[in-house]
Amino acid sequence: MSPHNLTALLSNALPFPAAHKFNRSLTGAQFAARASMLNGCAIKLHRLAIERSSRAEVRDYARQMAEAHIWTAEALLTSVQSAHLNVGLDPQPDDRHHRRLEALNLAALPDFDYDYIDAQNRLYMELIVLSEQYIETGADKALAFFATNTLSYLSHHLQQFAPLAGADCQ
């Protein structure tokens, strides 16, 4: 089963991130630090799925996504250097995300794939909101370009999990 067939359960229940407050004063350094942390969480999330999923298709998907996020981390570093920002990029999860990853690690195996995709979708929504906020500030062009690409890429992946129009969600 492809992870894209897990969507009926998830996409209708995916809330807008509760922490969303539009930040019109988001600096490049703040954006880069937060994007690095969230991207690091995505890498850990996908690696966890590689280890825990019982489905080969889900493990293959998680492997591809982990590799994509490693490339994303490199692209962010390049953008930060182009913006001449002196900011450390720490990919380690904050306390809230660490607790979410730990909870997923403890999820029952029959529920793991569903919980994994749900966690991915929620994390991607956070990255999308962050990218939208930074793009809105009109700040550094290199970072805004990174944010635009991130927004496009993650939106594409979230759309893969959206139910088909008129599909029966049983």
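Rules of the game
- Residues numbered from 1 in each chain as written.
- Predicted model: local features only at pLDDT ≥ 70, side-chain atom pairs only at ≥ 80, totals over all residues.
- Heavy atoms only, no water.
- Helix = DSSP H or I, 4+ residues; strand = E, 2+ residues; numbered from the N terminus.
- Buried < 20%, exposed > 50% of the residue type's maximum accessible area, 1.4 Å probe, protein only.
- Contact = heavy atoms within 4.5 Å.
- Core = buried A, V, L, I, M, F, W, Y, C linked by side-chain atoms within 4.5 Å.
- Phe/Tyr/Trp six-rings, centres within 6.5 Å; stacked < 30°, edge-to-face > 60°.
- Salt bridge = Lys/Arg side-chain N within 4 Å of Asp/Glu carboxyl O.
- pLDDT = per-residue confidence, 0-100.
- Axes fitted to C-alpha atoms, helices over the stretch in contact; angles between N-to-C directions.
- Parallel < 35°, antiparallel > 145°, perpendicular 65-115°, else oblique.
- Left-handed = near helix turned anticlockwise from the far one by under 90°.
- Arc of directions from axis to C-beta.

### Thoughts on the overall build of the protein chain
1) Next: Secondary structure summary: the protein chain contains 6 helices and 0 strands in total.
2) Next: Along the protein chain, helices and strands appear, N-terminal first, in the series α-α-α-α-α-α.
3) Next: Going through the 170 residues of the protein chain one by one, you find that 41% of them count as buried.
4) Next: Contacts in the protein chain between residues at least 24 apart in sequence constitute 83% of all its contacts with a sequence separation of at least 6.

### Observations concerning the nonpolar core
1) Next: Within the largest apolar cluster, 38 residues are counted, with the highest numbers of intra-cluster contacts made by F31, L76, L104, Y116, Y124, Y134 and L143.
2) Next: Beyond its immediate chain neighbours, meaning those up to four positions away, Y134 contacts L26, T27, G28, F31, A139, D140, L143, A144 and A147.

### A look at the packing of aromatic side chains
1) Next: With the rule as written, the count across this model stands at 3 aromatic pairs.
2) Next: Ring centres of F112 and Y116 lie 6.2 Å apart, and the angle between their planes is 0 degrees; this geometry places the pair in the stacked category. A residue pair is termed a helical-turn pair when its members lie 3 or 4 positions apart in one helix, as F112 and Y116 do in helix α5 (residues 109–137) at 4 residues. When sorted by exposure, F112 lands in the same class as Y116, which is buried.
3) Next: Three or more aromatic residues link up through ring pairs in this structure, and these residues are F31, Y134 and F146.

### Comments concerning the environment of S79
1) Next: Checked against the element boundaries, S79 lands in helix α3 (residues 56–82).
2) Next: Judged by its relative accessible area of 10%, S79 falls in the buried class.
3) Next: On a C-alpha basis, the gap between S79 and A144 in space is 8.9 Å, while along the polypeptide they are 65 residues apart.
4) Next: Residues in contact with S79, not counting those within four places in the same chain, are A142, L143 and F146.

### Some words on the pattern of salt bridges
1) Next: Applying the stated rule across the entire model yields 7 salt bridges.
2) Next: Among the salt bridges present, the one from R96 reaches E126, with a minimum N-O distance of 3.1 Å. Of the two residues, R96 is situated in helix α4 (residues 95–105) and E126 in helix α5; the sequence distance between them amounts to 30 residues.
3) Next: A residue is classified by how much of its surface remains accessible, and R96, at 27% relative accessible area, is partly exposed.
4) Next: For E126, a relative accessible area of 10% translates into the label buried.
5) Next: Within the structure, one salt-bridge network assembled from shared partners comprises R34, D94, R96, R100 and E126.

### Quick look at the confidence of the model for the protein chain
Predicted coordinates in regions of low pLDDT should not be interpreted in detail.
1) Next: Put simply, the protein chain has an average pLDDT of 82, and 79% of its residues get 70 or more.
2) Next: A low-confidence stretch, residues 1–20 (pLDDT under 50), is modelled with 44 contacts involving residues beyond four sequence positions or located in other chains.
3) Next: Scored below 50 in pLDDT, residues 164–170 makes 3 contacts in the model with residues more than four places away or belonging to other chains.

### Focus: the packing of α4 against α5
1) Next: Running from amino to carboxyl end, α4 crosses α5 at an angle of 165 degrees, the nearest separation of the two axes being 10 Å. By the angle class used here, α4 and α5 are roughly antiparallel. In the crossing of α4 with α5, the sense of the turn from one axis to the other is left-handed. Residues R96, H97, R100 and L104 of α4 form the contact with α5, whose participating residues are F112, D115, Y116, A119, L123 and E126.

### With respect to α4
1) Next: Those residues of α4 not exposed but buried are H97, L101 and L104. Relative to the axis of α4, the buried residues are bounded by an arc of 60 degrees and lie together on one face. Facing away from the buried surface of α4 by more than 90 degrees, the exposed residues are D95 and R99.
2) Next: Packed against the buried residues of α4 are α2 (28–52) and α5.

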